[in-house]
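# Examination of the molecular architecture
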Amino acid sequence: MAQQVDVTPTQSSNAAQVEEQQVKEVEKISVTGSRIKRDSFSMSTPMMMMGKDDLVDSGIGELADILVDEIPSISAGSSNTNSQGSVQNTGLSTIDLRDLGTDRTLTLIDGRRAVSNSYSGNYISLATIPAAMVDRVEVITGGASAVYGSDAIAGVVNIITENNKTGFEIDVRGGESTEGGAREFTVDTGYGASFADDRGYLYAAVTWDRQFGLLAWDRDRSQYESSFEYDTDLMCNANNTIDGDQCMRDITMDDWRERTNDIPGGRFEGNSWWYDADNNLNQGFREERDGYDTYEWDILKIPVDKLASALKVNYDLTDDLRGTFQVHYAKNESGRTNPPEGQDYNDDELRINPVTGESELVIPGTISPNNPFVPAVIAEMAGSSVTWDRNFAEVGNVTTLNTRTTIRTSAGLQGTLFDGQWDWEASVGYGKFKQEQRRFNEISITKLALGLDAEYAADGTTIQCADEQARAAGCVPVNIFGINSITPEAADYIRANPYINTDITQFNAQAFMAGDLFEMPAGMVAAAFGVEYRRDTQKVDTDVALRGEAITFNDVPPFSGEVKVWEAFGEATVPLLKDAPAAKRLDLDLSLRLADYSQKNIDLMSSYRAGLMWEPAEGYALRANYARAQRAPNITELVSPPRGDYNSFSDICDGVTATSTDAGHEACRQEPGIANAINLYGEFTDGNTGYSPNAGNENLKEETADTYTLGITAAPSFIENFNIALDYYDITIKDAITSIGNEEILKECYDSSVPFGEGNAFCGEITRDSEGNITQLIQRQFNLAEETARGYDISMAYKYDLDDLGALSFNLNFTHVIERSVTYEGNDGLETLNYNGELSSGVFTDRATASVTWRYDDLRIRWKTKYKGSVVDDHGRVEDWELLKAENQAKLDAGTGGIANPETPMYLFYGSYITHDLSVSYNLELDGGMDLKLYGGVRNVFDKESAFVPNTGDIVETGDGNYEGEYDGGVGRFAYLGAEIRF
């Protein structure tokens, strides 16, 4: 059907394809980045490819983790080692090209869109695809909206499924960290066969995978209670201890303490009274000595169970007409266990009136000294009320379970026109995703307040709730004085088990045709034209009744929405020169896509691309590409009301006193709660809840990106089997949909030229309680930023024949980030945030993967080295340190004080991180036509320990169990074994 063309080695899209380049006649096929059938070496847009062997060699069960591990330009979106703090996205497995965000990376399955696996955005979890179904993965790193539509700003990841494999295969694999924990077990099965005299083909695959997770208890490092501070007076690194912050040089790590004053027996009247572990009532509570260690419940890697299955059928109805069908089903279960809920008399939670919809903050309140449960010694000194603080261990550990079910289907027809000169395809697809999120053992604050208001009944013996209506509704009095003092009945009464259910659907219909338009002197002009329709719907359902009880859980209001879009697209490849002086080949690629969205603020969206592929001489080529790419806001970004989320941040008002002069402190003192704290304690200490809900904005419009890529490839004839590619990229996104960070919101409110108060829009997003602590900081979506990503990629491949000893293959992939920044309009004009080389942003300036593989008959041994360059915790911290160092030096020079040889802050500068992996496989032929492959390996062979990232303190990027997911998340050396049998 498709004509063949001559292809020389110069037109490689990636160095990894060097072996394929030796083929002189290549059939035109569909490749990612174009609907025009062509050989895979004729692309003006950079493309990388991972085949089956690469996927197996990695020793990783998750496809997303494999891509992150192997391709430096890809980062993790949501993974099992970075989503511990997310209620919504635990268990997702997504990717992020160029660190521009998962929403800007379009993930396709066989070139088709797939239904999202999260209401947070267009997140396609690669865990929903059975491993045996995957033939290869193609990655386009550049704007591809002109071909595939919205979301392809950073590029496209296309999962290509099996299309001609026959026979049965089963692959069993297991692994575990050599330090214990992080156990994994996977079973992959696949079966492919032709039928009906080879007119039909089917392939079915099933993957079952269990990842047992990794707990803080599994690692000694996680037992240290890290709470880092930098002492600006002594210019030393300090950590919290029983006696407060102390310089680390004067203590050991065993002295570190970071506790909470929410203890199981309760703490009363400030630090006056408390119950110890033996349930004795004591006086003189000290938080870091007597408090509760919540960090022991940290999870380093989320446990996940998944089942993914797929069926693919092709059938040739006639010689020129083929029917296609696919169905995917996946179920994913993940969860995590947190400490029991901690609460005090003044902790407020949001209550939504289920009738009027009005909101208010509700606190459980103090306890009357006449309450029958109050010990006499506390009642005597309490005055008019008893304040309290407690861990509600009797209610149970707070547990989150996420169950995700995904169904994807597609059916279509493929055929030819005009005597086989043109191919056409028409297809429909439908996807449905459902997430059932369950949260167990939260607290109803309204019921707790009623239960704490207890009295003696008329008989003088029975204790009952004081409120008569509450009694009629089943109120149970709650005794919080002492360990296990809350009865099972009282625990049941105040316990809340909220849910969030998400339903997402996607319907897609498309049709296109591709072929040769006409012939020019340099060759045929190939083109493709088509139309597409898509409808996305989303519904988030939450427990309205529980929202009326002010529960201790992220408040996510119910909301729903839909987006419809009609699109028309076309593309053409125009051969300009062939076999001319200094132009063995010169091709021009053009594409255009028009999209009409249902959103009110989006006019007709136009995405387009122009690319050149120039081969001046055999073995050398230059490719250049310009693309206008766009992304329409998703449903959540458009219509979501403020929905709960937690993000760690430092309050700019921390440490403010009546006379402090630090940035923003003058405005901070105008906060009533902070002024009250200064009056009581002399200083305000940050105790924010970290509650930072996200909110949508119906006035959003599309964001627009201009992408430039320029690359060279070389396969010099004087070095046989060697290929190198260098590609520069420059992506600028205007009207970027984003919300600025919490620290930036605080800075704009308290430390800008616009005065603090109602006239400052940023201040309206901040809510504080009566003690001055931030209880809510809203991150609202706006088209308010310009985002920039610039850098370059280098790929090299070399194959060396060892004659009778086999062959060696060398591969290198390297990414260097020149710029990754966000610019937004602040109160004082444009503000630019630099994310490059910053751990808190997850952007490494340099990343690389290099490998050497030895093949000898049926034996394959691969050594891989991975590199991540040095980073800083946060550029803002670096600036603060440089300023502090300069001020200290000025004091030394003036003889007015200062500290000689001040310590450089720890956890500010992190060095490079290098690990090595080894994989081995051996193929055997068995009787009966069966093939057996045995494989195994070790990841992080030398057990390279990742950077120590404290749990909390004077840092921006905090760790889980003192580990960081951007490195190995605490897994350490990991060994695995597997066997695959085929027949």
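See above for the structure.
Now for a look at the structure at hand. (Residues numbered from 1 in each chain as written. Predicted model: local features only at pLDDT ≥ 70, side-chain atom pairs only at ≥ 80, totals over all residues. Heavy atoms only, no water.)

### Brief notes about the overall build of the protein chain
Convention followed: A run of H or I in DSSP counts as a helix once it spans at least four residues, and a run of E counts as a strand once it spans at least two, with each numbered from the N terminus. Burial classes follow relative accessibility: with a 1.4 Å probe on protein chains only, a residue under 20% of its type's maximum area counts as buried, one over 50% as exposed, and anything between as partly exposed. For every accessible area listed, the method is Shrake-Rupley and the probe measures 1.4 Å; residues are considered covered only by the protein chains on display. Counted as positive: Lys and Arg. Counted as negative: Asp and Glu, with His and the chain ends omitted from the count. Positions of charges follow a simple convention, taking NZ of Lys, CZ of Arg, CG of Asp or CD of Glu.
A count of helices and strands for the protein chain gives 14 helices and 54 strands. Every one of the 983 residues in the protein chain was classed for burial, and the buried ones make up 57%. Accessible area of the protein chain: about 39600 Å², with a carbon and sulfur share of 52%. Across the protein chain, the mean location of the 80 positive side-chain charges is 6 Å away from that of the 158 negative side-chain charges.

### Some words on helix H6 (residues 445–452)
The line we're drawing: Note that the arc is computed from the directions linking the helix axis to the C-beta atoms.
Taken together, the buried positions of H6 are Ile445, Leu448, Gly451 and Leu452. Looking down the long axis of H6, one finds its buried residues gathered within 120 degrees of arc, a one-sided arrangement.

### Observations concerning the packing of aromatic side chains
We apply this condition: Ring pairs are drawn from Phe, Tyr and Trp, using the six-membered ring of Trp, whenever the two centres fall within 6.5 Å, and their geometry is named by plane angle: stacked under 30 degrees, edge-to-face over 60, tilted for the rest. Charges are assigned to positions over rings by a cutoff of 6 Å between ring centre and Lys NZ or Arg CZ, combined with an angular limit of 35 degrees from the ring normal.
For the structure shown, the criterion picks out 27 aromatic pairs. Each ring, one from Trp256 and one from Phe948, has its centre 6.1 Å from the other, and the planes form 85 degrees; the classification is edge-to-face. Here Phe948 lies in the loop between strand S52 (930–939) and strand S53 (952–953) and Trp256 lies in the loop between strand S15 (244–247) and strand S16 (267–268), a separation of 692 residues in the sequence. Among the residues examined, Phe948 registers a relative accessible area of 18% and is labelled buried. Residues Tyr792 and Phe814 carry aromatic rings whose centres are separated by 6.4 Å and whose planes lie at 50 degrees to one another, so their mutual orientation is tilted. Residue Tyr792 is located in strand S44 (residues 782–801), and its partner Phe814 is located in strand S45 (residues 807–826); the two are separated by 22 residues in the primary sequence. Given a relative accessible area of 27%, Tyr792 falls into the partly exposed group. Judged by its relative accessible area of 21%, Phe814 falls in the partly exposed class. Stacked on the ring of Tyr963, the Lys or Arg Arg221 has its end atom at 4.0 Å from the ring centre.

### Here's the deal with the sheet that holds strand S14 (residues 236–241)
Test applied: Two strands are counted as paired when DSSP detects at least two bridges linking them.
The four strands are arranged S15-S14-S13-S53 in an open sheet whose pairing can be described as mixed. Only two strands of the sheet have a single neighbouring strand rather than two, namely S15 and S53. Relative to S53, strand S13 (residues 227–231) is paired through two bridges, and the arrangement is parallel. Among the inter-strand pairings, Phe228 is bridged to a residue of S53, identified as Gly953.

### Overview of a nonpolar patch on the surface
Threshold: To count toward a patch, a residue needs a relative accessible area above 30% and no salt bridge. Like charges then connect within 9 Å, nonpolar side chains (Val, Leu, Ile, Met, Phe, Trp, Tyr) within 5 Å. A side-chain nitrogen of Lys or Arg and a carboxyl oxygen of Asp or Glu constitute a salt bridge if their distance falls within 4 Å.
Where nonpolar side chains cluster on the molecular surface, the patch consists of Val172, Phe185, Val206, Trp208, Phe212, Leu307, Tyr329 and Ile407 and spans about 610 Å² of accessible area. With respect to the helices and strands, the residue Phe185 is situated in strand S10 (residues 184–195). Owing to a relative accessible area of 33%, Phe185 belongs among the partly exposed residues under this scheme.

### A look at the pairing of strand S27 (residues 422–440)
For a regular strand, side chains alternate in direction, first toward one face of the sheet and then toward the other. Sheet topology places strand S26 (residues 397–417) next to S27; 19 bridges connect them, and they run antiparallel. Within the sheet, the bridge partner assigned to Thr400 lies in S27 and is Arg439. In this structure, the hairpin formed by S26 and S27 is closed by a connection of four residues, where Phe418 is found at a positive phi of approximately 55 degrees. Taken together, the 17 bridges between S27 and strand S32 (residues 499–520) define a ladder with antiparallel strand orientation. For Trp422, the partnering residue across the bridge sits in S32 and is Gly515.

### Here's the deal with helix H14 (residues 875–894)
Test applied: One fewer than the residue count of a helix, multiplied by 1.5 Å, yields its expected span.
Helix length check: H14, at 20 residues, gives a terminal C-alpha distance of 29 Å against a target of 28 Å (1.5 Å per residue), a fit within 8%. Among all positions in H14, only Arg877, Val878, Trp881, Leu884 and Asn888 are buried. For H14, the buried positions fall inside an angular range of 130 degrees around the axis, keeping them on one side. Facing away from the buried side of H14 by more than 90 degrees, the exposed set consists of Glu879, Leu883, Asp893 and Ala894. Taken from the residues just after H14, Gly895 is the one with a positive phi, measuring 70 degrees.

### Thoughts on the pairing of strand S20 (residues 304–318)
Pairing between strand S11 (residues 200–211) and S20: 12 bridges, direction antiparallel. Within S20, the residue paired with Trp208 across the bridge is Leu307. The pairing of S20 with strand S21 (residues 321–340) spans 14 bridges and is antiparallel. Following the sheet pairing, Asn314 is matched in S21 by Thr324. Counting the residues between successive antiparallel strands, the hairpin from S20 to S21 contains two residues.

### Quick notes on the environment of Ala308
Defined as follows: Note on contacts: a residue pair qualifies if any of its non-hydrogen atoms lie within 4.5 Å across the two residues.
Tracing the sequence through the fold places Ala308 in strand S20. According to the relative accessible area criterion, Ala308 is buried, its value standing at 0%. For the pair Ala308 and Val206, spaced 102 residues apart in sequence, the C-alpha separation works out to 5.7 Å. When neighbours within four sequence positions are excluded, Ala308 is seen to be in contact with Ala127, Thr128, Ile129, Pro130, Ala205, Val206, Thr207, Tyr329 and Ala330.

### A word on the sheet that holds strand S25 (residues 388–391)
The antiparallel open sheet is built from five strands, whose spatial order is S18-S17-S16-S25-S22. The two strands at the open ends of the sheet, each matched to only one other strand, are strand S18 (281–283) and strand S22 (342–344).

### Examining the state of the cysteines
Applicable threshold: Our working definition of a disulfide is a cysteine sulfur pair at a distance within 2.5 Å.
For the structure shown, the criterion picks out four disulfides. Linked covalently through their sulfurs, Cys653 and Cys668 form a disulfide whose S-S length is 1.9 Å. An S-S torsion of about -80 degrees defines the bridge between Cys653 and Cys668 as left-handed. In this pair, Cys653 sits in the loop between helix H10 (635–639) and helix H11 (665–668) while Cys668 sits in helix H11, placing the two residues 15 residues apart along the sequence. Summarising the burial analysis for this pair, Cys653 and Cys668 share the class buried. A sulfur-sulfur distance of 2.1 Å marks the disulfide that ties Cys749 to Cys763. Where Cys749 bonds to Cys763 through sulfur, the torsion about that S-S bond is close to 105 degrees, and the disulfide is right-handed. With a gap of 14 residues between them, Cys749 in helix H13 (residues 742–750) and Cys763 in the loop between H13 and strand S41 (766–768) connect regions that are remote in the sequence. Using a relative accessible area of 1% as the deciding quantity, one classes Cys749 as buried. Each bonded cysteine of the protein chain is numbered by sequence order, and under that numbering the disulfide pairs are 1-2, 3-4, 5-6, 7-8.

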